[in-house]
Amino acid sequence: MEHYLDNAATTKPCAEAAAAVMSCISAHYGNPSSLHRKGLEAQHEVEYARNQIAGALGCKAQEIVFTSGATESSNLAIRGAVAAYGRKRKKIVASAVEHASVKATLSYLETLGFTVVTVSPAADGEYHTEDFLREIDSSVCLVSMMLVNNENGCRLPVENVFRMVKRNDPEIITHCDAVQGFLKIPFKPRTLCADLVSVSGHKVHALKGVGALYIRHGVRVKPILCGSEQERGLRPGTESVPLIASFGAATEKLSLNIEERLERVSQLRSSLIAQLREMDGVIVRDIERASPYVLNISLLGYRSEIVLHYLEQREVYVSSGSACSKGASSGVLELFGAKPAEVDSALRISFCAENTEEDIAALVQGLRDAQKELMH
């Protein structure tokens, strides 16, 4: 029996998403830019999905731009906004624990002459609003903060920071990578005071290869790709109708019971933590402000990769960190106070509402057996 607990890396597509794909492949296969009936059918699928995602975010459909995924969304958001607003303002403020797509984009902008200031967690392992506000001045053009960290589930104080930033200087653009929060943690871009929000399809039971960027009405973003006029010219190239339809279908399904799923996953996480605390040699990073969908632990004395593959043999699937880091340390756990030995033995367990107590039991038993059978 398979026990999949790596949902922060990707989720299993739901039946509704798969059905939407097959419908677009077999029937609505036209180019959405074509003017004949088959093109209009495909365009209808795109716009229907746009409305589904806009509904989940509580925004207007015209504020949604489809992309190939959150990496492209964040690139378009940050580079596009800086191109529009960064002529005189040359400073960007971000958290130090952003996803690789944001970090790499900021590093690129530094080569163009921008100053990037990153804010690390405080000594207590928490993020505090004042630590961000201390870096805000009249030279800042953009503030970027993720909603939920993808490695340990930490929820950053996005709403508090963005609200204060906008109150002090409405011209500063705010971007939020909400990939691990979308359809998991209740939020709206409006309540976050976010001008730009990145989301991804394959983290919410749609297919890989599709994402979206929310752009608040009135905010200017310049395209980073050259081509035709699809997606209002912000994302040129023929839209992948099947992938977009899968995103819309999954969004429509999950948006109906966010609170119910949140409660179910919270119970699973609490159950796992209680069982892990009965074991010796396990560190549980039970962060106070955390999404229940992600839990990071360390099995002290055992390399992450070794344990990961040991569990894999039992059809228990977890990860050693961010999938985008390909097994290498991203530095996030260190910033939250983890010691080198703890980082080397770290495992990320990430849930979805379809996980069960049987999955938890299989994981715990696998970890117990690993301590007995694997060499230190």
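Reference entry: report on the structure contained in this document. Computed from a predicted model, the values in this text were never measured in an experiment.

The rules behind each value
- Numbers given to residues run from 1 along each chain, matching the order in which its sequence is written.
- Note on the predicted model: pLDDT of at least 70 is required for a residue's local features to be given, and 80 or more for side-chain atom pairs to be given and counted; whole-chain, interface and lining totals, by contrast, use all residues.
- Heavy atoms throughout the structure, all of them, feed into the side-chain values; hydrogens and water do not.
- Pairing of aromatic rings covers Phe, Tyr and Trp, the last through its six-membered ring, and needs centres within 6.5 Å; plane angles under 30 degrees mean stacked, over 60 mean edge-to-face, and all others mean tilted.
- Runs of E in the DSSP output that reach at least two residues are strands. Runs of H or I that reach at least four are helices, and both are numbered from the N terminus.
- Classification of residues uses two cut-offs on accessible area relative to the type maximum, computed with a 1.4 Å probe and protein chains only: under 20% is buried, over 50% is exposed, and between them is partly exposed.
- When a carboxyl oxygen of Asp or Glu lies within 4 Å of a side-chain nitrogen of Lys or Arg, that pair is called a salt bridge.
- DSSP bridges decide pairing: two strands pair if at least two such bridges lie between them.
- Think of each axis as a best-fit line through the C-alpha atoms, taken over the contacting stretch in the case of a helix, with angles from 0 to 180 degrees between the N-to-C directions.

1. Quick notes on the packing of aromatic side chains
Here is step 1: Scanning all chains against the criterion turns up three aromatic pairs.
Here is step 2: Here the aromatic rings of Tyr-127 and Phe-336 are separated by 6.3 Å at their centres, their planes lie at 80°, and the arrangement is edge-to-face. Taken together, the positions of Tyr-127 in the loop between strand 4 (115–119) and helix 5 (129–133) and Phe-336 in the loop between helix 11 (332–335) and helix 12 (340–344) put the pair 209 residues apart, joining distant regions of the chain.
Here is step 3: The buried category is assigned to Phe-336, whose relative accessible area is 17%.

2. Re the pattern of salt bridges
Here is step 1: What the rule picks out here adds up to 18 salt bridges.
Here is step 2: In this structure, Arg-89 and Glu-171 form a salt bridge, with 3.5 Å as the shortest nitrogen-oxygen distance. Placement of Arg-89 in the loop between helix 3 (70–85) and strand 3 (91–95) and of Glu-171 in the loop between helix 6 (158–168) and strand 6 (173–177) is noted, with a sequence separation of 82 residues between them.
Here is step 3: Judged by its relative accessible area of 16%, Arg-89 falls in the buried class.
Here is step 4: Judged by its relative accessible area of 54%, Glu-171 is exposed.

3. Brief notes about the sheet that holds strand 12 (residues 346–350)
Here is step 1: Taken together, three strands build an open sheet; the order of strands is 9-10-12 and the sheet is antiparallel. Looking at the sheet topology across the chains shown, the edges are occupied by strand 9 (282–285) and strand 12. The average angle at which neighbouring strand axes cross in this sheet is 25°, direction not considered.
Here is step 2: As judged from the five bridges shared by strand 10 (residues 294–299) and strand 12, these two strands associate in the antiparallel manner.

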